[in-house]
Amino acid sequence: MTKKQSAALCALFLLFLCLFPLLGLLQPDREFSPMENRALAQKPAFRLSAFFSGQWAQDCESYLTDQFPLRDAWVGLKYVCERAMLRRENNGVYFAGDRLIARFDPPDQSRVESNFAAVDRLAQNTGLPTRLLLAPTSAYLYADQLPKNAPSYDQQQLFDRAEALETAQNIPVSQLLLERREEPIYYRTDHHWTAQGAYWAYASYMEAAGRREEILTQEDLAPYRRQIENFYGTLYSQAGARFYQPDAITYYDFPGLAMEQPGEEPQPIYDLSFAEQKDKYSLFFGGNPPQFCIRSQNPQAHGSLLVVKDSFANSLLPYLALSYREIYVFDPRYNRDSLRQFAADCGADEILILYQTANFAQDANIGLLAL
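Residues numbered from 1 in each chain as written. Predicted model: local features only at pLDDT ≥ 70, side-chain atom pairs only at ≥ 80, totals over all residues. Heavy atoms only, no water.

Take the side chain of Gln261 next. Mapping Gln261 onto the fold places it in the loop between strand 10 (257–260) and strand 11 (291–296). Excluding its chain neighbours within four sequence positions, the residues that come into contact with Gln261 are Gln267, Pro289, Gln291 and Phe292. (Helix = DSSP H or I, 4+ residues; strand = E, 2+ residues; numbered from the N terminus. Contact = heavy atoms within 4.5 Å.)

Strand order across the open sheet formed by 7 strands is 7-6-14-12-13-11-10, with mixed pairing between neighbours. Lying at the two open borders of the sheet, with one neighbouring strand each, are strand 7 (169–170) and strand 10. Bridge count for strand 6 (residues 130–135) against strand 14 (residues 350–356) is 6 bridges, and the pairing is parallel. Across the sheet, the residue bridging to Leu132 is Ile353, located in strand 14. Across the face of the sheet, helix 5 (residues 109–126) comes into contact with strand 6 and strand 14 while running at roughly 155° to strand 6. Against the sheet, helix 7 (residues 156–163) engages strand 6 and strand 7, with an angle of about 170° to strand 6. (Pairing = 2+ DSSP bridges. Axes fitted to C-alpha atoms, helices over the stretch in contact; angles between N-to-C directions.)

In total, this model carries 15 salt bridges according to the counting rule given. Here Glu207 makes a salt bridge to Arg212, at a shortest N to O gap of 2.4 Å. Relative accessible area serves as the criterion here: at 43%, Glu207 is assigned to the partly exposed category. Arg325 serves as the salt-bridge partner of Glu326, at 3.3 Å between the closest nitrogen and oxygen. Taken together, the shared-partner salt bridges in this structure form one network comprising Glu260, Arg295, Arg325 and Glu326. (Salt bridge = Lys/Arg side-chain N within 4 Å of Asp/Glu carboxyl O. Buried < 20%, exposed > 50% of the residue type's maximum accessible area, 1.4 Å probe, protein only.)

With that out of the way, let us pick up helix 9 (residues 195–208). Taking 1.5 Å of rise per residue, the 14 residues of helix 9 would be expected to cover 20 Å, and the 20 Å separating its terminal C-alpha atoms lies within 8% of that figure. Along helix 9, 11 of the 14 residues are buried, which leaves the element largely enclosed by surrounding structure. Inspection of helix 9 places Ala195, Gly197, Ala198, Tyr199, Trp200, Ala201, Tyr202, Ala203, Ser204, Tyr205 and Met206 among the buried residues, and these make up the whole buried set. Trailing helix 9 by a residue or two, Gly210 shows a phi angle of about 75°, which is positive. (Expected span 1.5 Å × (residues − 1).)

According to the stated counting rule, one finds 21 aromatic pairs in the structure shown. Aromatic pair Tyr252 and Phe254: ring centres 5.8 Å apart, planes at 10°, arrangement stacked. Ring centres of Tyr252 and Tyr319 lie 5.7 Å apart, and the angle between their planes is 45°; on these two criteria the pair is classed as tilted. Here Tyr252, found in strand 9 (residues 247–252), pairs with Tyr319, found in helix 12 (residues 317–321); they are 67 residues apart in sequence, far enough to count as distant. The exposure class of Tyr319 is buried, given its relative accessible area of 2%. A network of ring pairs unites the aromatic residues Tyr199, Trp200, Tyr202, Tyr224, Tyr252, Phe254 and Tyr319 as a single cluster. Sitting over the ring of Trp200, Arg180 keeps its end group 3.6 Å from the ring centre. A cation over a ring is seen here: Arg211 above Tyr324, with NZ or CZ 4.1 Å from the ring centre. (Phe/Tyr/Trp six-rings, centres within 6.5 Å; stacked < 30°, edge-to-face > 60°. Lys NZ or Arg CZ within 6 Å of the ring centre and 35° of its normal.)

Shown next as structure tokens:
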């Protein structure tokens, strides 16, 4: 390397060192990243206790990482470099042909056992018919598309453990979905199942609840079918992926359904303002409120259902809402109230616990079901 080349390289390096801190000072902090679909770390307040414990330094590192200038562009560049080096994974997401699949590492077995025990305890404490429905991740359904020798937890262990519940009833759907994997039952750029995948889980639940005759047929659904194009989901954002074709979100605009949240006026179950945003999946109920109620004006609807859930339930609830007079929805990730008391207050006749396997295995909040 010549002296001129060395000097140019040093100058470029110094420009980088000076320019990016300056940009960081000039640009306002962002609170939310539409690309990554998550809240970004904010500047931590200085406290002596946090400083000596090391927590303040960790918070500062998270803040600087999240607020780094042109972060979205750098994430995209990292993805391009990873693919150029023929790597099949980035940031916990596998590149599986035209599909993105989240990596599922082995969970803490004590947490898994504690969460299953909490499900049984909820059934015992409430005395209500309680059913558990675990949705597999796409790594289970499309295992043959994973990169060769890619680590992936065997989710069948969770399905087998669910069959051993003592008080609650397990509703198996993994094999049914596996048999229908050629249908568009999971998004390609997102970790959720589609409305089609949710439909088959809904049908399994209705059969388990003894309401088979009420299951909506595809012909029943056709007049209410709506679709939103250009959906790039959570895995697309997490991987910093580029060059993938977008998904489409299907939803059903059923009449006579209203969503009620504490202290607010009734509103539609779909918030279509999200159709124009990056986070299009939040059109279902506006995201994940801590609790809400869906009321149906269908004269044939009967019974009251309590659904304890993560976001996988969001695209399934509209189907159920045509059969139940009211559905009370409780998300333990954002609600610390006593679920036992909540079930008593809402007067539910039965309980459905619906989670994705990865969330169920790892979420410490599920332990609150036992209280």
